[in-house]
Amino acid sequence: PRPILLTRHGESQDNVRGRIGGDPALSEAGERYAKKLGEFVNRRLKSERTASIWTSTLQRTILTARQIAGFPKVQWRALDEINAGVCEGMTYEEIKINMPEEYKARKLDKLRYRYPRGESYLDVIQRLEPVIIELERQRAPVVVISHQAVLRALYAYFADKPLQEIPHLEVPLHTIIEIQMGVTGVQEKRYKLMD
Ligand code: F6P
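Residues numbered from 1 in each chain as written. Predicted model: local features only at pLDDT ≥ 70, side-chain atom pairs only at ≥ 80, totals over all residues.

- An unreviewed UniProt entry annotates the protein chain as CBM20 domain-containing protein of Ceratopteris richardii.

1. Re the sheet that holds strand S2 (residues 52–55)
For step 1, the next point in the chain: Read across the open sheet, the 6 strands follow the order S3-S2-S4-S1-S5-S6; overall the sheet is mixed. Taken across any chain shown, the strands that pair with only one partner, and hence form the sheet edges, are strand S3 (73–75) and strand S6 (185–192). Strand-to-strand twist across the sheet, computed as the mean angle between neighbouring axes with direction ignored, equals 20°. (Pairing = 2+ DSSP bridges. Helix = DSSP H or I, 4+ residues; strand = E, 2+ residues; numbered from the N terminus. Axes fitted to C-alpha atoms, helices over the stretch in contact; angles between N-to-C directions.)

2. So, the UniProt feature "binding site: substrate" (unreviewed entry) in the protein chain
For step 1, the next point in the chain: Taking the numbering used here, the UniProt-annotated feature "binding site: substrate" (unreviewed entry) corresponds to Arg 8, His 9, Gly 10, Glu 11, Ser 12, Gln 13, Asp 14, Asn 15 and Arg 60. Their sequence span is 53 residues, while the largest C-alpha to C-alpha distance among them is just 14.1 Å; these annotated residues converge on one region.
For step 2, the next point in the chain: Of note, Arg 8 is situated in strand S1 (residues 3–8).
For step 3, the next point in the chain: Contacts of Arg 8, omitting those with residues within four sequence positions, involve Ser 146, His 147, Gln 148, Leu 151, Val 171 and Leu 173.
For step 4, the next point in the chain: Take Glu 11: it is sitting in the loop between S1 and helix H1 (13–17). (UniProt positions renumbered as here; feature names shortened; annotations may be inferred. Contact = placed C-beta atoms within 7 Å.)

3. Looking at helix H2 (residues 28–44)
For step 1, the next point in the chain: Between its first and last C-alpha, H2 extends 24 Å over 17 residues, near the 24 Å set by a 1.5 Å rise per residue.
For step 2, the next point in the chain: Burial in H2 covers these residues: Gly 30, Tyr 33, Ala 34, Leu 37 and Val 41. Down the axis of H2, the sector holding all buried residues measures 105°, keeping them to one side. In H2, the exposed positions that point more than 90 degrees away from the buried face belong to Glu 28 and Arg 43.
For step 3, the next point in the chain: Elements in contact with the buried residues of H2: S1, helix H3 (59–64) and strand S4 (142–146). (Expected span 1.5 Å × (residues − 1). Buried ≥ 20, exposed ≤ 12 C-beta atoms within 10 Å, placed from the backbone. Arc of directions from axis to C-beta.)

Here you go:
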């Protein structure tokens, strides 16, 4: 059976500052993760004749893929992080203080809450449909390097998690989630490459 490897990008400069969205580069730790991920994937896919590496169009995922060698890389806009609209670039604390109503509304219904001029989780789930169709169609391994909200939705699809849980699923940085689709169902392994 072919594996699908899911991972978030390495830590970004905005992760360090607690800012959401944007198009930041990697922090030093994020660069270290890119190196470790490269080593892991190059070893893991060594015996594969074909495989592909999918990223979003944001530089933190493209930079995280940089050390993976020998397979084609595809950028998908549909793998970009949830668009936080007017809240892009803010910290959760700033949203809480400056836009308390928005903060509360999101807390009450994180799945359906749509950022002003941005997206909701439901929007993200919907735009992932073509990605899922293409993933299902692949016969070779795929490494997907994307973002927290997007990977929660993708993971939920393969792990068969209910819609309501999606915004709260645990998808930590610097961890690879390997999904194997076999005849007996879906198997999952997690590799934490660093803290
Ligand atoms: O903080 C990293 C990040 O990827 C943000 O860019 C994004 O808005 C957020 O995570 C999504 O997670 P949550 O839905 O829990 O805010």
